[in-house]
Amino acid sequence: MIEMTYKILIVFYFSLLAFSCVKKKTEYPKDFSFKINEGTSEYNSITGEYTRKYIGKDSSVNGLLNKEELQIIYTLIENQNFNDFPEKFECSQYGSFTMPSFSTTLEVIVNGKLKKSINTSYCDSKVQQKMSDRFEKIVLEIRRILDSKKEIKNMRPCDIVFM
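It should be emphasised that the depicted structure is a prediction, and the values quoted were computed from it without experimental measurement.

Participant: For this particular structure, what's the right way to read the packing of aromatic side chains?
Facilitator: Here the distance between the centres and the angle between the planes together describe a pair of aromatic rings. With the rule as written, the count across this model stands at 8 aromatic pairs. Judged by centre distance (5.8 Å) and plane angle (40 degrees), the rings of F34 and Y43 are tilted. Of the residues examined, F34 reaches a relative accessible area of 2% and is grouped as buried. By relative accessible area, Y43 is classed as buried at 2%. An aromatic cluster of at least three residues, connected via ring pairs, comprises Y28, F32, F34, Y43 and Y74. A cation over an aromatic ring shows up here: R156 above the ring of Y54, its NZ or CZ 3.9 Å from the ring centre.

Participant: Mind showing me how you'd approach the nonpolar core here?
Facilitator: A general tendency of soluble globular proteins is for nonpolar side chains to be buried together. Ranked by size, the top nonpolar core spans 28 residues in total, and within it F32, F34 and L106 carry the most contacts. Contributing elements (two or more residues each) for this core: strand 1 (33–37), helix 2 (67–79), strand 5 (103–110) and helix 3 (129–147). Here this core takes 7 residues from helix 3, the largest share from any one element. With near-sequence residues (within four places) excluded, F32 lies in contact with L70, I73, Y74, I77, V108, I109 and V110.

Participant: Can you walk me through the sheet that holds strand 5 in this structure?
Facilitator: What holds strands together in a sheet is hydrogen bonding between their backbones, with the strands either parallel or antiparallel. Pairing is antiparallel across the open sheet formed by 6 strands, whose spatial order is 4-3-2-1-5-6. Two strands close off the open sheet at either side, each with one partner strand: strand 4 (59–62) and strand 6 (113–120). Looking at each pair of strands side by side, their axes are set apart by 10 degrees on average, direction ignored. Judged from the 3 bridges that link them, strand 1 and strand 2 (residues 41–44) form a sheet pairing that is antiparallel. By the bridge assignment for strand 2, I36 is matched with Y43.

The rules behind the values
Residues numbered from 1 in each chain as written. Predicted model: local features only at pLDDT ≥ 70, side-chain atom pairs only at ≥ 80, totals over all residues. Heavy atoms only, no water. Phe/Tyr/Trp six-rings, centres within 6.5 Å; stacked < 30°, edge-to-face > 60°. Buried < 20%, exposed > 50% of the residue type's maximum accessible area, 1.4 Å probe, protein only. Lys NZ or Arg CZ within 6 Å of the ring centre and 35° of its normal. Core = buried A, V, L, I, M, F, W, Y, C linked by side-chain atoms within 4.5 Å. Helix = DSSP H or I, 4+ residues; strand = E, 2+ residues; numbered from the N terminus. Contact = heavy atoms within 4.5 Å. Pairing = 2+ DSSP bridges. Axes fitted to C-alpha atoms, helices over the stretch in contact; angles between N-to-C directions.

Structure below.
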């Protein structure tokens, strides 16, 4: 009888341990929104407005994201610990530097709190490189989702040439 009780307790303990290690996917809060600016394009998830810059005149389309797309982005932002990112990623003294360079700004609102982080392509080595890599992972996923929208796909490519 005591042996059976120990077996049940052990199974119960490992079950709790297994469930506590699984990262919970939480639903995004009602006020979740983001803005991303990559220099030649920008997007506002509240309005759904996607703007691409061109020589002469910019062009905008409505690319409103659906709940599933917002959930994917929110989950990624949470899993990558976006709130821990610095306001601006600083270049390390090591590595190479590139011109022209571009900055990507990501602003996120969650539960009434605004968090903004800026990353640059000027240098290939950052002081907080692992966080910079996680920032880029978020940006790539947002770009993938936005580029899959029909309205955005149908826009002509940016015609600005950088030297």
